Amino acid sequence: MAPVRTAEPDIAAAPLWRAAQALRLVTLLYAIGQQIASVSHYHSRRLSWVLVASLALWSLISALLLSQWRFPESARRLRGWVVLGDHIVVIALMASTRLVADYGWYHGHQTLPTTLWSANAVISAGILFGPVGGCLSGLLIATVALTVRDQWGQDVWTDATVPVLVSVGLALGLAADTARRAQEQLQRAVRMTAAAEERERLSRQVHDGVLQVLSYIKRRGTEIGGPTVELAQRAGEQEVALRMLVSETGPRPDSGAAEVDLRPLLSVHATPSVFVSAPGDPVLVSRWVAGELAAAVANALDNVALHAGSGAKAYVLLEDTGDELIVSVRDDGVGIPAGRLAQAASEGRMGVSRSIIERVAALGGTAALLTEADGGEGAEWEFRVPRS
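Residues numbered from 1 in each chain as written. Predicted model: local features only at pLDDT ≥ 70, side-chain atom pairs only at ≥ 80, totals over all residues. Heavy atoms only, no water.

> Mind laying out the overall build of the protein, listing which residues take part and the relevant values?
Helix and strand counts for the protein stand at 13 helices and seven strands. Here the contacts in the protein between residues at least 6 apart in sequence split such that 70% fall between residues at least 24 apart. On the protein, roughly 21500 Å² of surface is accessible, and the fraction owed to carbon and sulfur atoms is 61%. (Helix = DSSP H or I, 4+ residues; strand = E, 2+ residues; numbered from the N terminus. Contact = heavy atoms within 4.5 Å. Areas by Shrake-Rupley, 256 points an atom, 1.4 Å probe, with all protein chains shown as cover.)

> Quick rundown of the environment of Ala175? Include the residues and the values.
Tracing the chain through its elements places Ala175 in helix α8 (residues 161–224). The exposure class assigned to Ala175 is partly exposed, which follows from its relative accessible area of 34%. In the structure, Ala175 is positioned 48 residues away from Ile127 in sequence and 7.7 Å away in space, judged by C-alpha atoms. (Buried < 20%, exposed > 50% of the residue type's maximum accessible area, 1.4 Å probe, protein only.)

> Which residues make up the pairing of strand β7 (residues 380–386), and what are the values?
Along β7, five of the seven residues are buried, which leaves the element largely enclosed by surrounding structure. Across seven bridges, strand β5 (residues 324–331) lies against β7 in antiparallel orientation. Pairing of Val327 across the sheet is with Phe383, part of β7. The pairing of strand β6 (residues 366–369) with β7 spans four bridges and is classified as antiparallel. Paired with Ala368 across the strands is Glu382, a residue of β7. (Pairing = 2+ DSSP bridges.)

> Which residues make up the UniProt feature "transmembrane region" (unreviewed entry) in the protein, and what are the values?
Within the UniProt annotation, "transmembrane region" (unreviewed entry) is assigned to residues 47–66, 78–101 and 121–144. Between the first and last C-alpha atoms of residues 78–101 the distance is 35 Å; the span itself is 92% helix and 0% strand. Across residues 121–144, helical content stands at 100% and strand content at 0%; the span's end C-alpha atoms are separated by 13 Å. (UniProt positions renumbered as here; feature names shortened; annotations may be inferred.)

> Account for the packing of helix α1 (residues 14–38) against helix α6 (residues 115–148), with residues named and values stated.
Between α1 and α6, the shortest axis-to-axis distance is 9 Å and the interhelical angle comes to 170°. Regarding the angle of α1 to α6, the classification is roughly antiparallel. Across the interface between the two elements, Leu16, Trp17, Ala20, Leu23, Arg24, Thr27, Leu28, Tyr30 and Ala31 of α1 pack against Leu116, Trp117, Asn120, Ile123, Ser124, Ile127 and Leu128 of α6. (Axes fitted to C-alpha atoms, helices over the stretch in contact; angles between N-to-C directions. Parallel < 35°, antiparallel > 145°, perpendicular 65-115°, else oblique.)

Structure (structure tokens):
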């Protein structure tokens, strides 16, 4: 049976929830003080005290429920119901103002629960649902307040209820969203750090054990010769694969960033017969430039495997001068006869021209074959791409 996964508590918004509940209790004291100051103007004083007692009771219950962390898997659902109840209670108490006061009073004064206490519903909606939810909640509460007080005339443009409540919902919603995004980024950074530490630990263990054994098999198999040469080659291939796996410059998951590190895209070609050398610091280039350069290098290495002869080795060197990138691909094979590329192009075989030369030229750079002669001197390509 699969384990039951519980949702993580909303740690990022926890300080906002605690601050909101503290504000709720402060506004409760203000609402009680406002009741003491206004009760003499009500025609139904006993009912007003019952309503204020209900206001106080709901404030305490909602503050306890919204600060509940004991059951994190249901915390968001619980808060959703409490925030909904918040709005129902606020709207009901606002409407009850007409039951305890005359038109002459409630038209020119605050509703019974006061605007400040009513803002608690808007604050909770903003924290839970973000800026959109906070703004909608502010508009709803402000609309109810203006309707109860019958201020939809010219008074609506001089009353601060609407802008204050909407601004509160927007501000708290943006703050909650920002806190959650910061928490997610922090968690990603922690996971990446933990993964790097684990990779380093595995690297040490692998280096102390498996890599040393593979290196020994490769060396001894080559020395003994005969059928053990193939075993030595296999051991060498696995050694390179393991080194790439635990290497800090090995391939990384795509982060979706506008710029990527060119080094892993070249290092992935390393084998017992292909040696890759790159700077120690990241070489950040645009995603398109990195992909095109890596493809050009891959095509050059394919040509080495096809035409340089058996046993040929290739060497890839990446340099970053600050003004341009220089990538060299050299091999120690049979070399390319002089005029061979021009002859292939005249015969309609455009493989090298299109896959290497035109690809680099599209980046604003140049691809030059530095060695083109008979005699087994090997071949060397040099790709130069300006940083600008």
